[in-house]
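# Summary of the model geometry
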Amino acid sequence: MLRGDVLLAILGMAAVTYLCRAGGYAVLRVVRPPPFVEAWLRHLPGPLFVAYVALAFSALGWAGLPAVAAVLLAQRLSGSLGAAILAGVAAIWALQWMGVA
């Protein structure tokens, strides 16, 4: 059984998370961001993705280099973050299955 204080903490965090996300949408409906901010938001997924790949690479070391190459190749050929993520996950899985990573 879940304790009351834990349940209250979870519900409070969920409410704050929802309000932060909904608040952003509400503000952007009323206020149009400047062109610089719009361009920044359009290009934000790429740097975030690179940060995730770099973190995984730093955790795996040089053994993860084939997975990084698979991610970069999939991104370059397809232009899709989803395809690059799948290629990276598949490469990591294969490296672990072979006992390399």
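Treat the numbers as computed from the prediction; the structure is a model and nothing was measured.

## Quick word on the pattern of salt bridges
Tallied over the entire structure, the rule returns two salt bridges. Arg 3 is the partner of Asp 5 in a salt bridge, and the nearest nitrogen-oxygen pair spans 2.9 Å. In this structure Asp 5 comes out as partly exposed when scored by relative accessible area, which is 46%. For Glu 38, the salt bridge goes to Arg 32, with nearest N and O atoms at 3.2 Å. The class of Glu 38 is partly exposed, set by a relative accessible area of 22%. Arg 32 gets classed as exposed once you look at its relative accessible area, which sits at 67%.

## A look at the domain arrangement of the protein
Many structure descriptions define interface size as the accessible area lost when the parts assemble. Taken domain by domain, the protein comprises domain 1 (1-43) and domain 2 (45-101). Placing the centre of domain 1 and that of domain 2 at their C-alpha centroids yields a distance of 29 Å.

## Some remarks on the packing of aromatic side chains
Within this structure, the stated rule accounts for two aromatic pairs. A centroid spacing of 5.6 Å and a plane angle of 85° characterise the contact between Phe 57 and Trp 62, whose relative ring orientation is edge-to-face. The exposure class of Trp 62 is exposed, given its relative accessible area of 69%. Aromatic pair Trp 93 and Trp 97: ring centres 6.2 Å apart, planes at 15°, arrangement stacked. You can see Trp 93 and its partner Trp 97 sitting in helix H5 (residues 81-98), four residues apart, about one turn around the helix. Given a relative accessible area of 56%, Trp 93 falls into the exposed group.

## Here we look at the packing of helix H2 (residues 35-43) against helix H3 (residues 45-60)
Two numbers describe a pair of packed helices, the interaxial angle and the distance between the axes. Between H2 and H3, the shortest axis-to-axis distance is 5 Å and the interhelical angle comes to 40°. As far as their axial angle goes, H3 and H2 are oblique. Residues Leu 41, Arg 42 and His 43 of H2 form the contact with H3, whose own contacting residues are Pro 45, Gly 46 and Pro 47.

## Side note on the layout of surface pockets
Its volume calculated, the largest pocket comes out at about 220 Å³. Tyr 52, Val 53, Ala 56, Val 71 and Gly 88 are the residues nearest the centre of the largest pocket, which is lined by 14 residues in total. Those elements that provide at least two residues to the lining of the largest pocket are H3, helix H4 (65-78) and H5. When the residues that make up the lining of the largest pocket are grouped by side-chain class, the tally is twelve nonpolar, two polar and no charged.

Rules used throughout
Sequence order as written defines the numbering, with residues in each chain counted from 1. The model is predicted, so local features are restricted to residues of pLDDT at least 70 and side-chain atom pairs to those at 80 or more, both for listing and for counting; the totals for chains, interfaces and linings are taken over all residues. Only hydrogens and water are set aside when side-chain values are computed; all heavy atoms of the structure are taken into account. What makes a salt bridge here is a side-chain nitrogen of Lys or Arg within 4 Å of a carboxyl oxygen of Asp or Glu, nothing more. Only protein chains enter the area calculation, which uses a 1.4 Å probe; residues under 20% of their type maximum are buried, those over 50% are exposed, and those in between are partly exposed. The source of the domain bounds is an automatic or database domain assignment. Centres within 6.5 Å are what make two rings of Phe, Tyr or Trp a pair, Trp counting through its six-membered ring; a difference in plane orientation under 30 degrees is then read as stacked, over 60 as edge-to-face, and the rest as tilted. For helices the rule is a DSSP run of H or I covering at least 4 residues; for strands it is a run of E covering at least 2, with both sets numbered from the N terminus onward. Angles run from 0 to 180 degrees between N-to-C directions of axes, and those axes are lines fitted to C-alpha atoms, restricted for helices to the stretch in contact. Angle categories: roughly parallel below 35 degrees, roughly antiparallel above 145, roughly perpendicular from 65 to 115, and oblique for all the rest. Contacts are assigned to residue pairs that have any heavy atoms within 4.5 Å of one another. Cavity and pocket criteria rest on a 1 Å grid covering protein atoms alone: a 1.4 Å probe that fits but cannot get out defines a cavity, protein on both sides within 12 Å along at least 5 of 7 lines defines an open pocket, and an atom within 4 Å of a point defines a lining residue. Grid points are joined across faces, edges and corners, and a volume is the space filled by probe spheres set on the points. Note on residue categories: nonpolar means Ala, Val, Leu, Ile, Met, Phe, Trp, Tyr, Cys or Pro, charged means Asp, Glu, Lys or Arg, and polar means any other residue, Gly included.

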